[in-house]
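Architecture and fold: a report
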Amino acid sequence: MTNHTILTDWTETLKAGVSMVGGKGWHLARLAHYGLPVPEAIILPVGMEQSWLTQIDRPAEQALTEQSVSHSYHEALLNQPLPADVVTDLTHTLKQKNWRQLPLAVRSSATSEDGTKTSFAGIHLSRLNITGIQALLEAVREVWASRWLPEAIAYRRHIGVAEDEGGMAVVIMPMLPTISSGIAFTCDPLSGRDDRLIIHANWGLGESLVSGHAEGDEATLTIDPLDDTLRLSSYEIGNKNRISVPLDHGTEIIPSPDEQAKQRVLSDEDVMQLGRLVRNAAVALDFSRPAYDLEWAWDGERFLLLQARPVTAQVRNTYPSLLGQPDIWSRGNTCEVLPDPMSAYDWSVSRRLVNLMLEENHKLIGYPTQPGVQRAGLFHGRLYLNLSVLQWESYAAFGVTPKALNDLLGGHQPEIMIAPASLRDKLAKMKRLLHFVLASNKRRRHADKELQRIREQAKAWRCETLAQSEPRLLKKLLEQIRFTSSLETLFFLQVSSGGNLSLLVDTINKYLPGEGHALGAALLAGGDPSVTAQQAYDLAALAETAKQDADANAWLNDPKRNKEWQTALAEESPFRIAFEQFLERYGHRTVYESYFRHPRWRESPAYLFDIIQGFMQQDINRLRQQRLKGTEFALKRIKHHLPWWIRPLIQNLKKAAIRDNNHREAARSALVALMEPQRNVLLTIGAIWKRQGVLNQADEIFNLTISEIVDAIEDVIPSQGVSMRVSERKRHLEKLQVINVEEVFLHHEGNQPTPQPVQTTSKTNGKLFHGMAVGTGKACGAVRVLHSPDEGIYLKPGEVLVAPSTDPSWTPLFLKAEALVLETGGYLSHGAIVAREFGIPAVVNLPGILSQLQTGDRVEVDGLRGQVKRITENS
């Protein structure tokens, strides 16, 4: 294959790449590759156009800016014959394809056309209904020459594309017997909402819509946030007074027949079928941002896709007060539970749940949020939150300042600009806050009962024998998805645990300025443990049991552990019995449990055995008691400096904060418990597809979105299309795994193509590092830098654990660590909550600390001042 050879099928076109076949040809080849219905075509690659251009001198680039010069050059090109080899190859290909007498569509496909940053929509020419070799040669020449039209040159200069950059390929395909056609947007480009699809339709060819001669009908579909399915919202019959029809060697816009002008182009069933098709296409091309503009046609039997281009001018959907300010995208909070790139399924679930969770507090008080606003984004495979939206919603509804929200969430992100609140606004916020307190107390009274119901439902699904029928498995999957998406109390518990804690910290700060975080942490130490802390204590208890069980002791301390634990340990083994009970309670959890693709501990408990074996070497209970004694200094300080009449309030706030934090951890555990049966259903479907040869491994199914799995089971996507998507996404996920990404960046309005990174380095002089105090007390020890909880076997008792962030799987290591230092995190992050429970000196929100400290350095962690001091460096 060379850049001077006509490409005769989509497989060749895909292999050639966008630099040879241009944007339009590349996207169509990808659609065909992913199993979407695309007409047959041939491609004249860019090299053919380049050979043609060498036959005539081109004016200097600066001279082309003058319209008279560019016009003369364009006219000269229109009179320039095509190279003889192009004529020969094209004639031969038409004969081979039996297309010599077929009417053809000749479409431009420039390399800078239909891209993520530039579209060139309406700039370059296309020619329709071209019949015969001579007419085809003329059409190809016109398309090639259109790259040098004055408006094309002006557009390239406007967007900064050099004249020598790229070239023009040509897509040639037979004309379809089109009954109706149109344009579909897999977002709403006018409102900016990406939970909507807009379909425009008219009779005949799509040219009448593209040229503006007719408005056509308009259908709007919305994506249901509960199960990710499409719903038809509206259908409006538009102006269809003119339609485009084929004419000899071209097309013509003519008046519509009266009966067609008044008739709906698409039935409800047609709209749903087409909506699924275009959404499927957009997700296949880019599941992280499936916002595409697609041309479609109906030939009386099926819908076909004629073009796909990313939407490059989507209106920003945000609050009016944020217009003119950048979007602040941060992973300062999400990276502790989702540090790695997300698979397609993980993203399709997380995106919905993030929005449902973060809307819940506002729904509770009836505060209206911006319809369709997105609070989650996927960049370089990682989950980011739109802090601009979150800061504004918290401030506008409850009066929480951007700084206060940043402190709770963690991260070193900027703050939005807010106008001073009027007295009326302040009173309204106070009223909403009171409403929220009353409504949240009511919810919390029933929280334990609701969480128990969720756990029981998760267990019931987990224990079910799953059918081996794809339709029945799909029904079960959607049932589980809808159930999870409707759990308002669970979402509330996940996002509403900061109120009493913030009030506790603020109250202490009034009397002991700057010490609220540390002293608040001291108050919370030693209370009723959360499910996550109890999980660590239960592992420590298992270690004690293993010490007394000779067989278990020997097996756990065997470096090889050749036998599985069920084989190595007798059924009556005390350790085995206790471990089975542990799995019954915690087996749904795992390392970085928010990823569906990660096996649960019930499936793969090796990590647990390593933790237990490490606990056997030390007295965890003694360490636990020592830590709690370390909080006495802070408690005395509170007693001596706070007025007696404030202390009852402090005690009440302490109890409420412990309850809130425990509810948050319990809600997280319950949500993860629901993930386990959903994972089982997906793996069962994946196993069926493996037997059918669609997948190589059952767990490859996690490389598909919810909607793609539904479409694959319902035969909207052919098996080959499923295989192609999965294999490409697996490779892409591996590449993303090694990419270093910004923790925070700004994205300005005006469709700037590249976000502007925000510097996130912690304050330091090389020896003293300042962060946020989340666990009280002081401790000294040698540094142990760990990047994953799997490395926890290297952590020795008395060492200071330094990590990027922590999720619940890190919790057992907190019992061994002398102190905790985290690169990210806030007062409500998981590491902060559990560090407070364990009474560990802890400092978080220290961006760059992993590169500043190394294993073996000796440091002092001051949980009162939020400081980490390097005493000596590892030589």
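This text follows the structure it describes.
The structure presented is a predicted model; accordingly, all values stated were derived computationally and were not measured.

**Things to note about a nonpolar patch on the surface**
- Together, Leu423, Leu427 and Met430 line one region of the surface with nonpolar side chains, adding up to about 350 Å² of accessible area.
- By secondary structure assignment, the location of Met430 is in helix H14 (residues 423–445).
- Given a relative accessible area of 56%, Met430 falls into the exposed group.

**Some thoughts on empty space enclosed by the protein**
- Counted under the stated rule, the structure contains 5 cavities of 30 Å³ or more.
- A volume near 70 Å³ is recorded for the largest cavity.
- Forming the boundary of the largest cavity are Leu524, Gly527, Asp528, Ile658, Asn661, Asn662, Ile833, Arg836 and Glu837.
- Broken down by secondary-structure element, the contributors of at least two residues to the lining of the largest cavity are helix H27 (647–691) and helix H31 (830–838).
- Quantified by volume, the second largest cavity comes out at close to 60 Å³.
- If you go around the second largest cavity, the residues you meet are Phe287, Met342, Ser343, Ala344, Asn703, Arg729, His732, Leu733 and Leu736.
- Residue contributions to the lining of the second largest cavity peak at 4 residues, all from helix H29 (residues 719–737).
- When grouped by side-chain class, the residues that make up the lining of the second largest cavity number 5 nonpolar, 3 polar and 1 charged.

**Notes on the packing of helix H16 (residues 470–485) against H27**
- The N-to-C vectors of H16 and H27 enclose an angle of 160 degrees; their axes lie 10 Å apart at closest approach. In terms of orientation, H16 lies roughly antiparallel with respect to H27. Pair H16 / H27 crosses with left-handed handedness. The residues of H27 that touch H16, namely those facing Glu470, Leu473, Lys476, Leu477, Gln480, Ile481, Phe483 and Thr484, are Leu671, Leu674, Pro677, Gln678, Val681, Leu682, Thr684, Ile685, Ile688 and Trp689.
- Taken together, the residues of the contact of H16 with H27 break down into 12 nonpolar, 4 polar and 2 charged.

**A short note on the pairing of strand S12 (residues 303–310)**
- Extensive coverage of S12 is indicated by the burial of 8 of its 8 residues.
- Sheet topology places strand S11 (residues 292–298) next to S12; 7 bridges connect them, and they run antiparallel. Residue pairing across strands places Tyr292 opposite Pro310, the latter belonging to S12.
- The antiparallel hairpin formed by S11 and S12 contains 4 residues in its connecting segment, where Gly300 sits at a positive phi of about 100 degrees.

**As for the environment of Leu358**
- Inspection of the secondary structure assignment puts Leu358 in helix H11 (residues 344–364).
- Look at Leu358 and you get partly exposed, because its relative accessible area is 23%.

**A word on the nonpolar core**
- The biggest cluster of nonpolar side chains holds 157 residues, and the ones touching the most others in it are Tyr345, Phe575, Trp689 and Leu801.
- Filtering out sequence-adjacent residues up to four positions away, Leu801 remains in contact with Arg784, Leu786, Leu795, Trp810, Leu813, Phe814, Ala817, Ala819, Leu820 and Val821.

**Notes on the sheet that holds strand S8 (residues 230–236)**
- An order of S8-S7-S6-S5-S11-S12 is seen for the 6 strands of this open sheet, with the pairing classed as antiparallel. Edge strands, defined here as strands with exactly one partner in the open sheet, are S8 and S12. For this sheet, the mean angle separating the axes of adjacent strands, direction not counted, is 20 degrees.
- By the bridge criterion, 6 bridges tie strand S5 (residues 180–185) to S11 in an arrangement that is antiparallel. Looking at the pairing, Phe185 lines up with Asp293 of S11.

**With respect to the packing of aromatic side chains**
- The final tally for this structure, using the stated rule, is 24 aromatic pairs.
- Measuring from ring centre to ring centre gives 5.0 Å for Trp565 and Phe579, while their planes differ by 80 degrees; the resulting arrangement is edge-to-face. Of this pair, Trp565 sits in helix H22 (residues 565–568) while Phe579 sits in helix H23 (residues 574–586), and the two are 14 residues apart along the sequence. The pair formed by Trp565 and Phe579 is uniform in burial state, with each residue classed as buried.
- A connected cluster of aromatic rings, assembled from ring pairs, spans Trp555, Trp565, Phe575, Phe579, Phe582, Tyr586 and Phe609.

**Remarks on the packing of helix H18 (residues 499–511) against helix H19 (residues 516–524)**
- Put simply, H18 and H19 touch, their axes get as near as 8 Å, and they point 120 degrees apart. Relative to H19, the element H18 lies oblique. The crossing of H18 and H19 is right-handed. Listed contacts from H19 to Leu501, Leu504, Val505, Ile508 and Asn509 of H18 are Gly516, His517, Leu519, Gly520, Leu523 and Leu524.
- Looking at the contact of H18 with H19 residue by residue, the classes come out as 7 nonpolar, 4 polar and no charged.

**Details of the sheet that holds strand S1 (residues 42–44)**
- The sheet built from 4 strands is open, its strands ordered S1-S4-S2-S3 with antiparallel pairing. Two strands bound the open sheet, and with one partner strand each, they are S1 and strand S3 (126–130). Put simply, the sheet's adjacent strands are angled 20 degrees from each other on average, direction ignored.
- Packing against the sheet, helix H2 (residues 18–33) makes contact with S1, strand S2 (104–110) and strand S4 (168–174), and its axis sits at approximately 120 degrees to S2.

**Structural notes on helix H13 (residues 402–409)**
- Every buried residue belonging to H13 is among Pro402, Leu405, Asn406, Leu408 and Leu409, and all of these are buried. All buried residues of H13 project into a common sector of 165 degrees when viewed along the axis, lining one side.
- Looking at the buried residues of H13, the elements they touch are helix H12 (387–398) and H18.

**With respect to the environment of Leu473**
- Tracing the backbone through its elements, the reader meets Leu473 in helix H16.
- Judged by relative accessible area, which is 1%, Leu473 ranks as buried.
- For the pair Leu473 and Val681, spaced 208 residues apart in sequence, the C-alpha to C-alpha distance is 6.5 Å.
- Excluding residues within four positions of it along the chain, Leu473 makes contact with Leu466, Ala467, Gln468, Val681, Thr684, Ile685 and Ile688.

**Regarding the pattern of salt bridges**
- Scanning the model with the defined rule gives 50 salt bridges in all.
- Note that Glu743 and Arg331 form a salt bridge whose closest N and O atoms lie 3.1 Å from each other. You can see Glu743 sitting in the loop between H29 and strand S16 (744–747) and its partner Arg331 sitting in the loop between strand S13 (327–330) and H11, a full 412 residues away along the chain.
- Its salt-bridge partner being Arg870, residue Asp857 comes within 3.4 Å of it at the nearest N-O pair. Placement of the pair is Asp857 in the loop between helix H32 (849–852) and strand S25 (858–862) and Arg870 in strand S26 (residues 867–872), with a sequence separation of 13 residues.

So, how was this worked out
- Residues numbered from 1 in each chain as written.
- Predicted model: local features only at pLDDT ≥ 70, side-chain atom pairs only at ≥ 80, totals over all residues.
- Heavy atoms only, no water.
- Patch = residues over 30% accessible without salt bridge, like charges linked within 9 Å, V, L, I, M, F, W, Y side chains within 5 Å.
- Areas by Shrake-Rupley, 256 points an atom, 1.4 Å probe, with all protein chains shown as cover.
- Salt bridge = Lys/Arg side-chain N within 4 Å of Asp/Glu carboxyl O.
- Helix = DSSP H or I, 4+ residues; strand = E, 2+ residues; numbered from the N terminus.
- Buried < 20%, exposed > 50% of the residue type's maximum accessible area, 1.4 Å probe, protein only.
- 1 Å grid on protein atoms, 1.4 Å probe; cavity = no way out; pocket = protein on both sides within 12 Å on 5 of 7 lines; lining within 4 Å.
- Points joined across faces, edges and corners; volume = space filled by probe spheres on them.
- Nonpolar A, V, L, I, M, F, W, Y, C, P; charged D, E, K, R; others polar.
- Axes fitted to C-alpha atoms, helices over the stretch in contact; angles between N-to-C directions.
- Parallel < 35°, antiparallel > 145°, perpendicular 65-115°, else oblique.
- Left-handed = near helix turned anticlockwise from the far one by under 90°.
- Contact = heavy atoms within 4.5 Å.
- Pairing = 2+ DSSP bridges.
- Core = buried A, V, L, I, M, F, W, Y, C linked by side-chain atoms within 4.5 Å.
- Phe/Tyr/Trp six-rings, centres within 6.5 Å; stacked < 30°, edge-to-face > 60°.
- Arc of directions from axis to C-beta.

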